Amino acid sequence: MASVRDYNGKLFCDFRYQGKRCREYTALNDTKANRQKLGKLLEKIEAEIKENIFDYARYFPNSKLVKTFAVSHRIANNSNTYSAIGLAHLDSTHQPTLSGPLFKAFAEKWFDECKIGWRKSYVQTMRDTIDKHLVPYFGEKVVSSIRREDILDFRSQLAKVPGRKGQTLSARRINAIVLGLRQILNEAADRYNFTSPGQRIKPLKIKRLDIKPFTLDEVNLILKTVRPDYRDYFIVRFFTGMRTGEIHGLKWKYVDFKSRQILIRETLVGDEMEDEGKTDLSIREIFMSDVVFDALKRQLEVTAKQSEFVFCNAEGKPLNLNNLTNRVWYPLLRYLGFELRRPYTSRHTAATLWLAAGENPEWIARQMGHSTTEMLFRVYSRYVPNLTRNDGSAFNRLLSGNLIVPAGNAAPNNGQ
């Protein structure tokens with residue numbers, strides 16, 4: 001029985017003629033309307049086959065199968081062909097005629113066109129993604145030949161690639177690589193008229209972030225014990241929620257003592273300064289509490305004359321994260337007997353302390369550069385009861401003192 005089928009997002013006709021199975025591929029996308037259109041065409045073809053008046057060349061003039069059949073009803077020079085509805089015959093092996101360039105050529109073109117709108121750090125990230133992962137796997141394939149199965153196989157191979165410190169690539173990193181691939185294929189599909197195979201690829205599930213912020217007592221102990229030349233640095237980290245790149249790239253011109261604000265206008269990424277934040281809302285103003293104000297005033301006396309950066313090394317250059325982590329931060333945590341956590345934990349600590357203090361969640365989100373309060377409640381809220389005792393006991397006291405519930409059991413209804 002004749003049928004309309006799908007191959008890589010394009011429709012083809014599948015029917016039998018003179019005892020031979022025929023597959024004629026089209027350039028039509030797999031949509032309901034196109035399936036109905038081809039369905040009606042197949043009905044007409046089957047009717048003509050039964051009446052022995054079917055002319056293969058009339059419906060599929062470019063098909064190599066025309067030569068296979070003994071055509072008794074050829075209509076020469078008949079302009080009433082079906083190429084107008086998008087029928088595009090494929091080669092004799094029934095594989096689609098491939099359109100577009102090789103993946104490696106198109107990926108390079110796409111990269112050159114898009115990089116003008118990216119942050120410097122993302123340009124390097126995408127460059128590495130294309131060179132290290134995408135081109136080695138897809139480089140010699142024609143863009144329109146790449147199938148959904150290819151992407152799934154590629155993703156499974158990524159899960160075996162060693163990442164930093166000998167670990168395999170994280171689900172987050174794999175999703176980012178596959179997203180880049182999908183963006184390239186989506187653009188190629190638009191230009192070369194094929195259905196992108198990445199449209200139905202769902203991202204890998206990312207394990208929920210399990211943060212472990214410091215308590216206020218632990219912060220006090222850290223600040224009391226840390227080297228004096230790093231004390232003000234950590235005060236600013238713990239009580240502003242700044243990202244590492246933001247505090248390491250902080251310049252004195254962005255410290256507004258008069259308005260008591262830290263202006264986040266640039267960030268340090270690697271060894272380069274960028275005037276764009278991690279997100280659009282990363283460019284923001286952070287309020288200086290008294291303790292932060294005093295810390296920055298002290299720091300002003302130390303580095304303002306030798307560097308444009310608030311926190312810098314002896315050469316006036318920004319602090320190096322690896323050096324700071326391995327020579328100052330981790331040794332301090334080990335000395336105190338604390339579980340090793342990244343310096344970035346200071347940002348999580350700021351969020352939990354603000355929430356525990358009862359600050360407005362929308363204000364906290366703005367301080368941290370978040371677009372909404374969703375992340376605050378999803379990531380941090382479970383730590384608040386331990387800090388504030390807002391664990392339902394206040395509500396229980398309210399009900400106990402004001403709600404009057406009649407004593408005794410309720411009388412049976414008895415159907416009345």
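Residues numbered from 1 in each chain as written. Predicted model: local features only at pLDDT ≥ 70, side-chain atom pairs only at ≥ 80, totals over all residues. Heavy atoms only, no water.

Participant: Any chance you could break down the packing of aromatic side chains for me, citing the residues and the numbers?
Facilitator: Throughout the structure, instances matching the rule amount to 31 aromatic pairs. Measuring from ring centre to ring centre gives 5.3 Å for tyrosine 233 and phenylalanine 311, while their planes differ by 80°; the resulting arrangement is edge-to-face. Taken together, the residues tyrosine 233 in helix α8 (residues 228-240) and phenylalanine 311 in the loop between α10 (290-303) and α11 (321-336) connect sequence positions 78 residues apart. Tyrosine 233 sits in the buried class, given a relative accessible area of 1%. Residue class for phenylalanine 311 comes out buried when judged on its relative accessible area of 3%. Aromatic rings pair up to connect Phe214, Tyr230, Tyr233, Phe234, Phe238, Phe311, Trp329 and Phe338 into one cluster. (Phe/Tyr/Trp six-rings, centres within 6.5 Å; stacked < 30°, edge-to-face > 60°. Helix = DSSP H or I, 4+ residues; strand = E, 2+ residues; numbered from the N terminus. Buried < 20%, exposed > 50% of the residue type's maximum accessible area, 1.4 Å probe, protein only.)

Participant: Any chance you could break down the nonpolar core for me, citing the residues and the numbers?
Facilitator: Among the nonpolar cores identified, the biggest contains 40 residues, and Ile222, Phe234, Phe238, Ile262 and Leu296 are the most heavily contacted of them. Every element with two or more residues in this core is listed here: α7 (216-225), α8, β5 (261-264), α10 and α11. Setting aside anything within four residues of it in sequence, one finds isoleucine 262 in contact with Thr240, Met242, Leu250, Tyr254, Arg284, Glu285, Ile286, Met288, Val292 and Leu296. By size, the runner-up hydrophobic cluster in this structure holds 26 residues, among which are Trp118, Ile151, Leu169 and Ala188. (Core = buried A, V, L, I, M, F, W, Y, C linked by side-chain atoms within 4.5 Å. Contact = heavy atoms within 4.5 Å.)

Participant: If you had to explain the sheet that holds strand β3 (residues 20-29) to someone new, which residues and values would you point to?
Facilitator: Spatial ordering of the open sheet is given by β1-β2-β3, a layout of three strands whose pairing is antiparallel. Here the strands that pair on one side only, and so sit at the sheet edges, are β1 (3-7) and β3. Adjacent strand axes in the sheet meet at a mean angle of 30°, parallel and antiparallel pairs treated alike. Sheet analysis places β1 next to strand β2 (residues 10-17), joined by five bridges and oriented antiparallel. Among the inter-strand pairings, valine 4 is bridged to a residue of β2, identified as cysteine 13. Those strands touched by helix α1 (residues 32-50) are β1, β2 and β3, and its axis lies near 15° from that of β2. (Pairing = 2+ DSSP bridges. Axes fitted to C-alpha atoms, helices over the stretch in contact; angles between N-to-C directions.)

Participant: Give me the pattern of salt bridges: which residues, what numbers.
Facilitator: Tallying each qualifying case throughout the model produces 23 salt bridges. Ionic pairing is found between lysine 104 and glutamate 140, a salt bridge with its closest N-O pair at 2.7 Å. Here lysine 104 is found in helix α3 (residues 103-114), whereas its partner glutamate 140 is found in the loop between α4 (120-138) and α5 (148-158), with 36 residues between them in sequence. Among the residues examined, lysine 104 registers a relative accessible area of 36% and is labelled partly exposed. For lysine 115, the salt bridge identified is with aspartate 112, shortest N-O distance 3.8 Å. Residues participating in the shared-partner salt-bridge network are Lys109, Glu113, Glu187 and Arg191. (Salt bridge = Lys/Arg side-chain N within 4 Å of Asp/Glu carboxyl O.)

Participant: With reference to specific residues and values, describe unusual backbone geometry.
Facilitator: For asparagine 8, which is not glycine, the phi torsion reads 55° and is therefore positive. For asparagine 8, the position within the fold is in the loop between β1 and β2. One non-glycine residue, asparagine 52, lies in positive phi territory at about 60°. Its place among the elements puts asparagine 52 in the loop between α1 and α2 (56-59).

Participant: So what's going on with the sheet that holds strand β8 (residues 284-287)? Residues and values would help.
Facilitator: Judged by pairing direction, the sheet is antiparallel, and its three strands sit side by side in the order β4-β5-β8 without closing on themselves. Only two strands of the sheet have a single neighbouring strand rather than two, namely β4 (255-256) and β8. The pairing of β4 with β5 spans two bridges and is antiparallel. Within β5, the residue paired with aspartate 256 across the bridge is glutamine 261.

Participant: Tell me what's going on with the packing of helix α12 (residues 345-357) against helix α13 (residues 361-368), and back it up with residues and numbers.
Facilitator: Running from amino to carboxyl end, α12 crosses α13 at an angle of 160°, the nearest separation of the two axes being 10 Å. Between α12 and α13, the angle falls in the class roughly antiparallel. Where α12 crosses over α13, the two elements pack in a sense that is right-handed. Counting all contacts with α12, which are made through Arg347, Ala351, Trp354 and Leu355, the residues of α13 involved are Trp363, Ile364, Gln367 and Met368. (Parallel < 35°, antiparallel > 145°, perpendicular 65-115°, else oblique. Left-handed = near helix turned anticlockwise from the far one by under 90°.)

Participant: Describe the confidence of the model for the chain, with residues and values.
Facilitator: Mean pLDDT for the chain: 83, with 83% of residues reaching 70 or above. Within the chain, no element has a lower average pLDDT than helix α15 (residues 384-388), which sits at 57, and none a higher one than β4, at 97. Here residues 71-96 is a poorly scored stretch, pLDDT under 50, and it has 52 contacts once near neighbours within four places are set aside; other chains count. (pLDDT = per-residue confidence, 0-100.)

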